[in-house]
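Here are the chains, one letter per residue:
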Amino acid sequence: MARAATTTDAFNAVAEPRRRQILDLLTGGERPVNDLVRELGMAQPQVSKHLRVLREVGAVDVRDEGRQRLYRLNGHALKPIHDWVKAYERSWSERFDGLDAVLEELKQKEEGHGHDE
């Protein structure tokens, strides 16, 4: 089965580690491309290519301010990823709750044995 084009799907776009790093950096607010270049330690054309892909899927927005282009996160475009992960989060929470109950039970048993000796 053919893989979906990276530029049409947020899941594929964020599968690339450098793009996730860019998104992480943008969680703090708008950043010019030169800040991203410096933080990532990559060449400007590489960063711009990743930003283009993220723009095409709607994960980042850009605006011009003077001679700078400022990039910002568009969380709305990442909602499908959030929704997908949320189903797993429920499962993880249930498992952790179960683990907490088992650990509490073991702790109670151990405390009980400590008093018997």
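Cut-offs applied
Residues numbered from 1 in each chain as written. Predicted model: local features only at pLDDT ≥ 70, side-chain atom pairs only at ≥ 80, totals over all residues. Heavy atoms only, no water. Salt bridge = Lys/Arg side-chain N within 4 Å of Asp/Glu carboxyl O. Buried < 20%, exposed > 50% of the residue type's maximum accessible area, 1.4 Å probe, protein only. Core = buried A, V, L, I, M, F, W, Y, C linked by side-chain atoms within 4.5 Å. Helix = DSSP H or I, 4+ residues; strand = E, 2+ residues; numbered from the N terminus. Contact = heavy atoms within 4.5 Å.

Asks: Any chance you could explain the pattern of salt bridges here in plain terms?
Replies: A side chain with one charge may pair with a side chain of the opposite charge, provided their charged atoms come close. Applying the stated rule across the entire model yields 10 salt bridges. For the salt bridge of Arg69 with Asp64, the shortest nitrogen-to-oxygen distance reads 3.9 Å. Arg69 sits in the partly exposed class, given a relative accessible area of 38%. Assessed through its relative accessible area of 54%, Asp64 is described here as exposed. Sharing partners across several salt bridges, the network here consists of Glu30, Arg63, Glu65 and Arg72.

Asks: Can you walk me through the nonpolar core in this structure?
Replies: Across soluble globular proteins, you tend to see nonpolar side chains buried next to one another. Ranked by internal contacts, the top residues of the largest apolar core, which has 22 residues, are Ile22, Leu23, Leu36, Val47 and Leu51. Counting only elements with at least two residues in this core, the list comes to α1 (10-13), α2 (17-26), α3 (33-40) and α4 (44-56). When residues no more than four places from it in sequence are discounted, the contact partners of Val47 are Ile22, Val33, Leu36, Val37, Leu40 and Met42.

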